[in-house]
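The chain contents come next:
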Amino acid sequence: AQHAAYCAALESLGCDVLELPADPAHPDSVFVEDVALAFDEVAIATRPGVEFRRAEGVAVLDVLGSVRPVLRIEAPGTLDGGDVLRIGKRVFVGASARSNAPGHAQLGELLAPHGYTVVTVAMRDCLHLKSAVTQVAEGAVLINPAWVDVAPFAGYACIEVDPAEEHAANALRVGDALVYPDCFPRTLERLREAGIKVTTVDVSELQKAEGAVTCCCI
C-alpha cells in the first residue's frame, strides 16, 4: 500500500510511472535505484556491492536499454546507485562498503566523455551516500553532517537535518518539488521554511530495510 501511494505521489508531480512486476526471487528488487543509473546520455549497470543483488538489474536494464545506450561497471568494481548523487554535471559518489574505488574510477571514465566530473565523498555510519545527503532545490542540499564529509558540498546551500532525525536527509527531487518521508517533522519544517514544495509519503515499511524515497525509482 505504501509503494502504491509512493507511485501515486510521483504521478501527482507529473511523472509517468513505469512499474516493473514484482520478483519474489529478489525481494530487494523494489530498491531499483541500486542496480542502474540513468543520465541524459547513457544508462549504467552498476554491479551492486552485495553479490546476491546483481541479478536484480536484468529487468531494469531491459527497460533502460530501450531508451539509452547501456554501459557497465565491471569487476572488480562495485557500485550501488544509492551512493551516486548527480547535481548538474558533478556526480558525487560515496566511499561506502557497497561502492569501491575501482567502481568510482570506472564511473568517472564512463561519464567523462559526456562532460561529467566524479567526486568521491567520505562517509560514515550509514549504508549509502544518499542516506546522508540529497539535492532538494537548485543549488541546495539536505545533509546530515554527522554522516558525511561536508567539504565537497561547500558550494551549495546546506540545509542540515534536525539532529534528532538522523535519517532525514533522503529526499527525492521531482522538478521543483520533493517527495519526502512524513516521519521527520522537524526537518520537514526546515525544508518548507526554505520555500521548498514538499509532498509527504509514508515509507515506514521500506525504512525497515534501510530504504527511503530515492531508493524505489530511477
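Residues numbered from 1 in each chain as written. Predicted model: local features only at pLDDT ≥ 70, side-chain atom pairs only at ≥ 80, totals over all residues. Heavy atoms only, no water.

S.K.: Which residues make up helix H4 (residues 185–193), and what are the values?
M.R.: Taken together, the buried positions of H4 are Thr187, Leu188 and Leu191. For H4, the buried positions fall inside an angular range of 105° around the axis, keeping them on one side. Across H4 from its buried face, at more than 90 degrees, point the exposed residues Pro185 and Glu193. Summarising the contacts, the buried residues of H4 are in contact with strand S7 (133–137), strand S8 (140–143), strand S9 (157–160), strand S11 (177–181) and strand S12 (197–201). One or two positions beyond H4, positive phi appears at Gly195, with a value near 85°. (Buried < 20%, exposed > 50% of the residue type's maximum accessible area, 1.4 Å probe, protein only. Helix = DSSP H or I, 4+ residues; strand = E, 2+ residues; numbered from the N terminus. Arc of directions from axis to C-beta. Contact = heavy atoms within 4.5 Å.)

S.K.: Can you explain the sheet that holds strand S3 (residues 70–72)? Please cite residues and give values.
M.R.: Sheets are built from strands paired through backbone hydrogen bonds, the pairs being either parallel or antiparallel. In spatial order, the strands read S1-S2-S3; together these 3 strands make up an open sheet with mixed pairing. Pairing within the sheet leaves two strands with one partner each, and these edge strands are strand S1 (36–38) and S3. Ignoring strand direction, the axes of neighbouring strands in this sheet form an average angle of 25°. In the sheet, S1 pairs with strand S2 (residues 43–45) via 3 bridges, with the strands oriented antiparallel. When the bridges of S2 are listed, Ala38 appears paired with Ala43. Sheet strands touched by helix H2 (residues 57–64): S1, S2 and S3. Its angle to S1, the strand with the most contacts, is close to 20°. (Pairing = 2+ DSSP bridges. Axes fitted to C-alpha atoms, helices over the stretch in contact; angles between N-to-C directions.)

S.K.: With reference to specific residues and values, describe the sheet that holds S9.
M.R.: Spatially, 3 strands are ordered S7-S8-S9 in an open sheet, and the strand pairing comes out mixed. Lying at the two open borders of the sheet, with one neighbouring strand each, are S7 and S9. Within this sheet the neighbouring strands show an average axis-to-axis angle of 35°, counted without direction. Along the sheet, H4 contacts S7, S8 and S9; its crossing angle with S9, the most-contacted strand, is approximately 150°.

S.K.: For the nonpolar core, give the residues involved together with the corresponding values.
M.R.: Membership of the largest hydrophobic core comes to 18 residues, with the highest contact counts inside it found for Tyr6, Leu10, Leu172, Val174, Val179, Val201 and Val213. Of all the secondary-structure elements, those providing two or more residues to this core are helix H1 (2–12), strand S10 (172–174) and S11. Per-element accounting of this core gives the leading share, 4 residues, to H1. Among residues more than four places away in sequence, those in contact with Leu10 are Cys15, Val17, Leu172, Val174, Val179 and Cys217. The next biggest cluster of nonpolar side chains, apart from the first, holds 16 residues, and it includes Val119, Met123, Val133 and Phe153. (Core = buried A, V, L, I, M, F, W, Y, C linked by side-chain atoms within 4.5 Å.)

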